[in-house]
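Here's the letter readout for the chains.
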Amino acid sequence: MAFRTQRMWTVARTDLRQLFESKDFWVPMALLGGFFFLIVPAFLLLVIANVGNVGAVQQVSQALDLLPQSAQQAVPTVTSSGAEVDPATQVNYTLAVYLFAPIAVVVPLTISSAVGASTIVGERERGTGEFLAHSPADTREIYLGKLIASLIPGYITTVVGFGAYSLLVNIVVGGDLGYWFFPTSSWWLLIAWVLPPFLALALSLVLRLSARVRSTAAAQQATGLVTLPLIIIAYGQSTGALIGSGTATLSLILGAVAWTIAIISLATGVRSIKRASLLGVANEQ
Amino acid sequence: MRRCVHPDEPAEGAYFPPVSGNVRADATIAPDATASPRLVAPTEPTDELVVELRHVFKRFGSVPALSELNILVPKGRISVLLGPNGAGKTTAIRVITGALAPDRGHIRTFGMDPHTQGEEVRRRCGIVSAKPALYDRLSGWDNLQYSAELYGLGRNAVSQIRAAAGRFGIVEALDQQVGGYSTGMKTRLALARSVLHDPELLLFDEPTSGLDPESSHAVLQLIREMTDDGRTVVMCTHLLIEAEGLADQIIVLESGTDLMAGTQQELIRRYWPHDLVRLDAEDPAQLDQVAGWEGVVGYARNGLAEVQLDDLARVPDLVGHLAAAGVRLTRVEPHHPTLEELYFAVRAERRASGVDSPL
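Residues numbered from 1 in each chain as written. Chains lettered and ligands numbered in written order. Predicted model: local features only at pLDDT ≥ 70, side-chain atom pairs only at ≥ 80, totals over all residues.

Novice: Describe the overall build of chain B, naming the residues involved and giving the relevant values.
Specialist: Along the backbone of chain B there are ten helices and 13 strands. The buried share among the 359 residues of chain B stands at 44%. Relative to all contacts within chain B whose residues are 6 or more apart in sequence, the contacts with residues 24 or more apart total 70%. (Helix = DSSP H or I, 4+ residues; strand = E, 2+ residues; numbered from the N terminus. Buried ≥ 20, exposed ≤ 12 C-beta atoms within 10 Å, placed from the backbone. Contact = placed C-beta atoms within 7 Å.)

What follows is the structure in structure tokens.
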């Protein structure tokens, strides 16, 4: 059966449109993104920037010694005007670049998983799976359309959240440094190369679950079990990529491995969607 | 001309010989049908067939959904799949489009195997499922647009969408979210979506489910109109009155098996090949004597007496002889069985034969 890209995009676009109309879904997700990308960083950075050169900051500053040498060397010591950078700004710089970075992985993974979990079982619960199952659309088109529709909200969250976060840290911390320092090259690699395969891998697993379980609630629970370890791995690997080597090499290797696994998982995941799973018939082989 | 004679009269020239043996007053009229479980053999339509299901089996786990199912749908006609819940109607629709694959059996839709040529088959089919299967968060227009794109009409199918919506009287509601539609409007939208891509075969799975009588009537009228331009319709229903008023061909299903197929008149004539007369009397027990008379091929009394005659022309003589025997008749009328009577008679017989196994 011929694969038609146009139909795949039609499925994706329609799913996204429904998501856009579901305020009860995207408003909490937007709040989640806002909380992790803006509120928490803003609170911490402002507190540290305003408490000044006191003992607490010095203690945090000492913790920077635990960072790998390459990461420590990346922390600026002089401002653009040649003045010495105070410890509070150095702490803020470190937090901005290294501590909050993995959030960029966790939040989109959470959002995309939540969307993906209900995508197929939701069609079945609403009865609209019957329409799709009887339509000329190929199951590969449906699978990839739904994958894209789940991927996009997560990635939009990343880009928007990343943009807002960049603005925040450049204003709060960059003001003290005298220049905008964010995003760093490691961050670009993380967002453009490391994160997408992790999202794709998570979604390939989530869509398999969504095709098998009986209800959206069950899909959400099962998704948590599957994606939580993945989120932890993604968090750990992203942190390592940013902090560990201080170079782009680790990010490139990590991204390549993640892409390979994701592509294999996506290719085999296509077969998990059958018309019967859209119809919700019991025990269909 | 033959005449009826009283059983007590001399046998010479008699058409109604004396009763031999006991007459069961509650006995049903024996149908002239083939042996159970398939009580009436399906006929082979001579027209071009749009759908052929032969000896189709389908199980869901240990539960049989279709069992030796045969359905032949001629082109340009309305075929109604009639049966109780769980009879296999929806599963039959699903295997016709290839949405489900059978375990075994021969299926052809438009002469193609829907399992291997599903895209082409489904592109030529329009479906209205038992639930309208509409996206509640989208507008009516968006629902039609989605279908238009999936069926290859492209993103600019404005004229087709307007035409389909206009045909079913929902143009004004197209901008509203479907979640706010009434059940009747949803059904109309689902019907509009089913014809949007100008399909040759329309498959309706209980399209009047949940509708009030007026809306049901309107929907059935619309379905009838759809065959005016040569489309073939297969409709599932458990409502006898819908099948009676709409069907060119009725296929009665039960437990995943086709019990009989044909036009309403064919089915009734096949089950009751002789004319029926209903009799009543001041003392109904006196009517039992006709059971063994010549020309009476069946007799049953359950309140009224139902007499199956080999020729309706015997009625005047029958009445005359009953009167001569002192029976005071209060009612004599020919009876034309309805589809409902046929349906329940067939089901009763099937149960009696021990093959009624609920799914």
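Novice: Got a sec to walk through the overall build of chain A? Specific residues and values, please.
Specialist: Along the backbone of chain A there are 13 helices and zero strands. Counting from the amino terminus, chain A carries its helices and strands in the arrangement α-α-α-α-α-α-α-α-α-α-α-α-α. Scored against the burial criterion, the 285 residues of chain A give a buried share of 45%. A separation of at least 24 residues holds for 86% of the contacts in chain A among residues at least 6 apart in sequence.

Novice: Just give me the short version of the interface of chain B and chain A, but keep the residues and values in it.
Specialist: Tallying the contact residues gives 24 residues for chain B and 25 residues for chain A. Put simply, the parts of the chain that give the side of chain B that touches chain A at least two residues each are α1 (89-97), α2 (118-123), β5 (125-128) and α3 (140-150) of chain B. Split into classes, the residues belonging to the side of chain B that touches chain A amount to twelve nonpolar, four polar and eight charged. (Nonpolar A, V, L, I, M, F, W, Y, C, P; charged D, E, K, R; others polar.)

Novice: So what's going on with the confidence of the model for chain A? Residues and values would help.
Specialist: Looking at chain A, the pLDDT average stands at 84 and 90% of residues meet or exceed 70. Per-element confidence in chain A is highest for helix α7 (residues 129-134) of chain A, whose mean pLDDT is 96, and lowest for helix α3 (residues 55-63) of chain A, whose mean pLDDT is 70. (pLDDT = per-residue confidence, 0-100.)

Novice: Pulling in residues and values, what's your account of the pairing of strand β7 (residues 232-237) of chain B?
Specialist: Regular strands have side chains that alternate between both faces of the sheet. Residue and element names in this part refer to chain B. Most of β7 sits out of view: six of its six residues are buried. Strand direction decides the pairing type here: strand β3 (residues 78-82) and β7, joined by five bridges, are parallel. Bridging across to β7, V80 finds its partner in M235. Where strand β6 (residues 201-205) meets β7, five bridges bridge the pair, whose relative direction is parallel. Looking at the pairing, L201 lines up with T232 of β7. Crossover handedness for the path β6 to helix α6 (residues 213-226) to β7: right-handed. (Pairing = 2+ DSSP bridges. Right-handed = clockwise from strand over helix to strand, strands pointing away.)

Novice: Mind laying out the packing of α3(B) against helix α4 (residues 158-167) of chain B, listing which residues take part and the relevant values?
Specialist: Helix-helix packing is characterised by the crossing angle of the two axes and by the distance between the axes. All names here are of chain B. At their nearest, the axes of α3 and α4 sit 10 Å apart, and the two run at 125 degrees to each other. When the axes of α3 and α4 are compared, the pair comes out oblique. Judged by the sense of rotation from one axis to the other, the crossing of α3 with α4 is right-handed. For the pair α3 and α4, the contacting residues are W141, L144, Q145 and A148 in the first and Q160, I161, A164 and A165 in the second. (Axes fitted to C-alpha atoms, helices over the stretch in contact; angles between N-to-C directions. Parallel < 35°, antiparallel > 145°, perpendicular 65-115°, else oblique. Left-handed = near helix turned anticlockwise from the far one by under 90°.)

Novice: Go over helix α10 (residues 185-212) of chain A, please, and point to the residues and values.
Specialist: Residues and elements named next belong to chain A. Along its 28 residues, α10 runs 41 Å from first to last C-alpha, staying within 8% of the 40 Å computed at 1.5 Å per residue. At L195, α10 shows its largest bend, some 40 degrees, and a proline, P196, comes one to four positions later. Taking burial as the measure, the 28 residues of α10 include 22 buried ones, the bulk of the element. (Expected span 1.5 Å × (residues − 1). Bend = angle between axes of the 7 residues up to and from the residue.)

Novice: Account for helix α9 (residues 315-324) of chain B, with residues named and values stated.
Specialist: Residue and element names in this part refer to chain B. Among the residues making up α9, those that are buried are L318, H321 and L322. For α9, the arc enclosing every buried residue in end-on projection is 100 degrees, short of the 170-degree limit, so these residues lie on one face. Buried positions along α9 lie against β13 (329-335). One or two steps after α9, the chain reaches G326, where phi turns positive at roughly 85 degrees. (Arc of directions from axis to C-beta.)

Novice: Can you break down the pairing of β3(B) residue by residue, with the values?
Specialist: Residue and element names in this part refer to chain B. With respect to burial, β3 is a largely interior element, five of its five residues being buried. By the alternation rule, side chains of β3 split into I78, V80 and L82 and S79 and L81, which are all buried. With four bridges joining them, β3 and strand β8 (residues 249-254) adopt parallel strand pairing. Residue pairing in the sheet places L82 in a bridge with V252 of β8.

Novice: I'd like a rundown of the confidence of the model for chain B, residues and numbers included.
Specialist: All names here are of chain B. Of the residues in chain B, 86% have a pLDDT of 70 or more, and the chain-wide mean is 84. Here residues 1-42 is modelled with pLDDT under 50, and outside its nearest four sequence neighbours on either side it reaches 98 contacts, counting other chains as well. Two numbers describe this predicted complex: its pTM, 0.81, and its ipTM, 0.84.

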